[in-house]
Amino acid sequence: MTQKKKKKRKSSTAAAAGGDEAPPVRKCMHCEIQKTPQWRAGPMGPKTLCNACGVRYKSGRLFPEYRPAASPTFVPALHSNSHKKVVEIRIKASQRAAAAGLPSLESVSKDSCDLLAYIRGRE
Ligand SMILES: [Zn+2]
């Protein structure tokens with residue numbers, strides 16, 4: 001027979017905490033950075049990319065090798081925050097793959113030149 005019920009939470013505190021609208025930790029789907037001035041839309045939906053990655057994604061230049069320098073997953077040998085560097089990394093990787101015994105050396109280097117020409121034309 002308990003007439004007095006102990007209230008653990010007042011409804012006002014739950015409302016002040018923001019409810020369950022905002023996830024506790026949001027991170028970029030691409031570079032896993034958690035701090036960004038603005039969240040942007042990506043392939044996984046709105047507000048799934050950080051500002052830097054979102055801008056790249058919008059312009060069609062969000063390659064796996066692109067990563068903001070502030071990203072916790074940034075590896076200087078594998079990533080760059082410069083698009084030109086990203087292209088260089090990609091070309092080197094494809095050349096290394098070709099040197100490792102893949103048969104399409106000619107087509108790879110030809111594609112690389114096309115890619116470079118394309119980049120230089122844009123920038
Ligand atoms: Zn990002």
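Thresholds applied
Residues numbered from 1 in each chain as written. Predicted model: local features only at pLDDT ≥ 70, side-chain atom pairs only at ≥ 80, totals over all residues. UniProt positions renumbered as here; feature names shortened; annotations may be inferred. Helix = DSSP H or I, 4+ residues; strand = E, 2+ residues; numbered from the N terminus. Buried ≥ 20, exposed ≤ 12 C-beta atoms within 10 Å, placed from the backbone. Contact = placed C-beta atoms within 7 Å. Core = buried A, V, L, I, M, F, W, Y, C linked by C-beta atoms within 7 Å. Pairing = 2+ DSSP bridges. Expected span 1.5 Å × (residues − 1).

In the nomenclature of an unreviewed UniProt entry, the protein chain is known as Putative GATA transcription factor 11 of Cocos nucifera. You can read under Sequence similarities (unreviewed entry) in the UniProt record for the protein chain the words "Belongs to the type IV zinc-finger family. Class A subfamily."

*Asks:* When you look at the overall build of the protein chain in this model, what are you seeing that I'm missing?
*Replies:* A tally of regular secondary structure across the protein chain gives 4 helices and 2 strands. Each helix (α) and strand (β) of the protein chain, taken in turn from the N terminus, gives the series α-β-β-α-α-α. Relative to its 123 residues, the protein chain shows a buried fraction of 16%. Restricting the contact set of the protein chain to residue pairs at least 6 apart, pairs at least 24 apart contribute 24%.

*Asks:* Which parts of the structure should I look at to understand the nonpolar core?
*Replies:* Generally speaking, soluble globular proteins have nonpolar side chains that are buried together. Of all hydrophobic cores here, the largest spans 11 residues; its members are C28, C31, I33, L49, C50, A52, C53, L62, Y66, V86 and V87. Elements with a minimum of two residues in this core: α2 (51–58) and α3 (83–99).

*Asks:* Help me understand unusual backbone geometry in this model?
*Replies:* Negative phi values dominate among residues other than glycine, just as trans dominates among peptide bonds. Phi at E32 is positive, roughly 65°, even though this residue is not glycine. The topology assignment puts E32 in the loop between α1 (11–17) and β1 (40–42). Positive phi values are uncommon outside glycine, yet K47 reaches one of about 60°. Within the fold, K47 resides in strand β2 (residues 45–49).

*Asks:* Before we go on, may I ask you to explain the pairing of β2 in this structure?
*Replies:* Each regular strand shows side chains that alternate between the opposite faces of the sheet. The pairing of β1 with β2 spans 2 bridges and is classified as antiparallel. Residue R40 lies in a different strand from β2, and its bridge partner there is L49.

*Asks:* Which parts of the structure should I look at to understand α2?
*Replies:* Working note: α-helix, 3.6 residues per turn, so residues spaced by three or four point in the same direction. For α2, the set of buried residues is A52, C53, G54 and R56. Contacts from the buried residues of α2 go to β1 and β2. Phi turns positive one or two residues past the end of α2, at G60, with a value near 75°.

*Asks:* Explain the environment of C53 to me, please; I cannot follow it from the model alone.
*Replies:* On the secondary structure map, C53 appears in helix α2. Put simply, C53 and N81 are 28 residues apart on the chain and 9.6 Å apart in space, counted from C-alpha to C-alpha. The residues contacting C53, other than those within four sequence positions of it, are C28, H30, C31, G42 and L62.

*Asks:* Explain α3 to me, please; I cannot follow it from the model alone.
*Replies:* End to end, α3 covers 24 Å across 17 residues, agreeing with the expected 24 Å (1.5 Å per residue, within 8%). At the exit of α3 stands G101, carrying a positive phi of roughly 120°.

*Asks:* I keep staring at the environment of E88 and nothing clicks. Help me out?
*Replies:* When you line up the elements, E88 lands in helix α3. E88 gets classed as partly exposed once you count the C-beta atoms within 10 Å, which come to 16. Along the sequence, E88 and E65 sit 23 residues apart, while their C-alpha atoms lie 10.0 Å from each other.

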